[in-house]
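Understanding the architecture of this molecule
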Amino acid sequence: MSLPIEIALPGQVQADVLALPVTDPVELAGDAARIVEQKLDGRLARLAQTGELKGEAGRALMLHLGGELQAPRLVVAGLGPRDEVGLDSFRTAGAAAARAARSAGGTIAWLLDESLQLSLEDQARGLVEGTILGSYDPGRWKTRREDGRRPFERIVIGTAPNDVLRQEVERAGLVAEAANRARDLANAPPNELTPAALALHAARLAEEHEHLSGGGLGPDEISSLGMGALEAVGRGSANEPRLIVLRHEPPQPARPEVVLGLVGKAITFDSGGLSIKPASSMQDMKGDMSGGAGVIEGIGAVAALGLPVRAVAVVAAAENAVGSTAFRPGDILRSASGKTIEVTNTDAEGRLVLADALWYARREGATHVVDLATLTGAMELALGDLYAGLFANDDEWRDRLLAAAERSGDLLWPFPLHKRYRRYIDSTYADLKNSSELRQGSPALAAEFLHEFAGDGPWAHVDMAGPAFLERSRGDYLDQPGGTGWGVRLIAELATSLS
Ligand code: BES
Ligand code: MN
Ligand code: ZN
């Protein structure tokens, strides 16, 4: 279902929509912009003068043409100030144009600007990602569409073709489409997307790719592995838990001694359990499986890109429900690692399922681990919808993740791990408890909890509660409410850095 992406010289492109990125203020400094402006007899400069055309990031203006150019429409999309232009500016321009030309659809052809600091490869990458992420439609469950949307069928990058550029746009397209699939998973309602349904999705993905294998382990296997924490969280729901495992084993790994461990939280619905959530904060908890979705589509992207990196994805999928069989505050659980956990709050369920998943990832040979989880409401309060918080036990691993985050657009900000946080989760009865009665530092306490189960070797924890699932447009290239596919682009970039 991949959108074809082509590269062709601007003069040879036939399109339904021609799209031109411009800075703020509008300069029309690049070769392509000058040619367009010449053919339009200076119309763009006049529109800039009247203030109808602006280069602000996120703005786009569509003009209907009368045969002056090789397309019936021109979209001019803002990049923001020239000295601030980066990958994100191009992603945002890509999405703004996709929105402006939504009713046109068909072929969209982008012009580039060689007068900018950013390389043509990065410009093209940003535009492809932005166009695909920006055309995402969260209304898949509507039976009637009245908004006149027509899908894009082809993206053309209007510049001289070369192999590096071709590879770059192809990669960008694959990764952005994987991110959109992760958004579909997050937006899927919890009555459809059960743990078993997510496992089936993962198994199908494995079938699509030669070097990817795996699927879901059911309740019996979860029990025999001694995963008392995952088992307990899933116990209250008729939709039984799954441990989803995917392996990527390329024929010629660049670093055979490295196995990337990708661990994801996939609570398909988090009611809070017996420590129930207020009604107002419940319906978005269908997105509490976003870490798992990012991990599944992330390793899928690694396979689709053919990266020579060994990886194992371990996703703990369960529904945190209320009922007579549900686990309770006061229960003491035995995790697969052997450590015992006193449950003091059933709403702190993410760290419980991750405890067993982290253990399993190490057992499967993961040398470098990162877990992705919508873990604490406080992290969303702290960082909002833009950054996810990062905790790590290893400086090099943390730096590698931060660098991958910056390139990918899935932004990370570092937070501290410290063993003096550990005392807040000391339990009177068991090895540790799953939450503190204090309202302070909950993301750091959660990270310290996970630290107990992270095993030996580099490990990082990503708390993506803020950017995983939006209540409203972020005002950039993620301009729809709901799932963002957060983590897919980060994982693709991280794996690229290891290849
Ligand atoms: N899934 C939630 C965290 C969350 C909240 C994610 C809002 C996205 C938006 C998690 O399971 C949770 O309930 N965490 C509790 C932990 C507390 C009980 C220690 C929280 O943060 O309130
Ligand atoms: Mn919870
Ligand atoms: Zn949760």
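Basis of the calculations
- Residues numbered from 1 in each chain as written.
- Chains lettered and ligands numbered in written order.
- Predicted model: local features only at pLDDT ≥ 70, side-chain atom pairs only at ≥ 80, totals over all residues.
- Heavy atoms only, no water.
- Near = heavy atom within 4 Å.
- Polar contact = N/O pair within 3.5 Å; in protein donor to acceptor, adjacent residues only side chain to side chain.
- Areas by Shrake-Rupley, 256 points an atom, 1.4 Å probe, with all protein chains shown as cover.
- Helix = DSSP H or I, 4+ residues; strand = E, 2+ residues; numbered from the N terminus.
- Donors = N, O, S within 2.8 Å, 3.2 Å for Na, K, Ca; no water.
- Buried < 20%, exposed > 50% of the residue type's maximum accessible area, 1.4 Å probe, protein only.
- Pairing = 2+ DSSP bridges.
- Axes fitted to C-alpha atoms, helices over the stretch in contact; angles between N-to-C directions.
- Contact = heavy atoms within 4.5 Å.
- Domains from an automatic or database assignment.
- Buried area = accessible area lost by both parts, 1.4 Å probe.
- Salt bridge = Lys/Arg side-chain N within 4 Å of Asp/Glu carboxyl O.
- Nonpolar A, V, L, I, M, F, W, Y, C, P; charged D, E, K, R; others polar.

**Some details on the site of ligand 1**
As a matter of local geometry, ligand 1 sits amid 16 residues, with Lys-277, Asp-288, Asp-347, Glu-349 and Gly-377 nearest to it. In the model, an oxygen atom of ligand 1 is placed 2.8 Å from a nitrogen or oxygen of the Lys-277 side chain. Asp-288 is positioned with one of its side-chain polar atoms (N or O) 2.9 Å from a nitrogen atom of ligand 1. The fraction of the free accessible surface of ligand 1 (520 Å²) that becomes covered by protein chains is 80%. Within the residue set of the shell around ligand 1, elements represented by two or more residues are β9 (259-270) and α11 (377-383).

**What about the coordination of the manganese ion (ligand 2)?**
Every protein donor of the manganese ion (ligand 2) is listed here as Asp-270 (OD), Asp-347 (O), Asp-347 (OD) and Glu-349 (OE), and their distances to the metal cover 2.1 to 2.2 Å. All donors of the manganese ion (ligand 2) come from a single chain, and their spacing in sequence reads D-x76-D-x1-E. Between the manganese ion (ligand 2) and the zinc ion (ligand 3) the interatomic distance comes to 3.2 Å, and Asp-270 is a ligand of both metals. For Glu-349, a relative accessible area of 1% corresponds to the buried category.

**Some points on the sheet that holds strand β14 (residues 388-392)**
Read across the sheet, 8 strands follow the order β7-β8-β10-β9-β13-β17-β14-β15 without closing on themselves; strand pairing throughout is mixed. Edge positions in the open sheet fall to β7 (212-217) and β15 (412-414), since each of these has one partner strand only. Averaged over all pairs of adjacent strands, the angle between strand axes in this sheet comes to 20°, irrespective of strand direction. In the sheet, β14 pairs with β15 via 3 bridges, with the strands oriented parallel.

**Focus on the environment of Gly-80**
With respect to the helices, strands and loops of the structure, Gly-80 is situated in the loop between β4 (73-78) and α3 (87-100). Spatially, the C-alpha atom of Gly-80 lies 30 Å from that of Phe-415, the residues being 335 residues apart in sequence. The contact partners of Gly-80, leaving out residues within four places of it in the chain, are Val-22, Thr-23, Asp-24, Gly-55, Glu-56, Ala-57 and Val-85.

**Brief notes about the pairing of strand β8 (residues 242-248)**
Counting buried positions along β8 yields 6 of 7 residues, so the element is predominantly enclosed. Sheet topology note: the β8/strand β10 (residues 310-320) ladder contains 7 bridges and is antiparallel. If you follow Leu-243 over to β10, its bridge partner there is Ala-316.

**Observations regarding the domain arrangement of the protein chain**
Looking at the assigned domains, one finds that the protein chain contains domain 1 (5-161) and domain 2 (179-497). Distance between the C-alpha centres of domain 1 and domain 2: 36 Å. Of the roughly 1700 Å² buried between domain 1 and domain 2 on both sides combined, carbon and sulfur atoms contribute 46%. Three residues, Leu-133, Tyr-136 and Trp-141, lead the burial of domain 1 against domain 2; their summed loss comes to 41% of the area buried on that side. Counting across the interface, domain 1 meets domain 2 through 5 salt bridges. Where Asp-184 meets Arg-140, a salt bridge forms, and the shortest distance between an N and an O atom there is 3.2 Å. For the interface between domain 1 and domain 2, the tally reads 12 residue pairs in polar contact (both at pLDDT 80 or more). Secondary-structure elements contributing two or more residues to the side of domain 1 that touches domain 2 are α3 and α4 (120-134). Its residues assigned to classes, the side of domain 1 that touches domain 2 shows 7 nonpolar, 2 polar and 9 charged.

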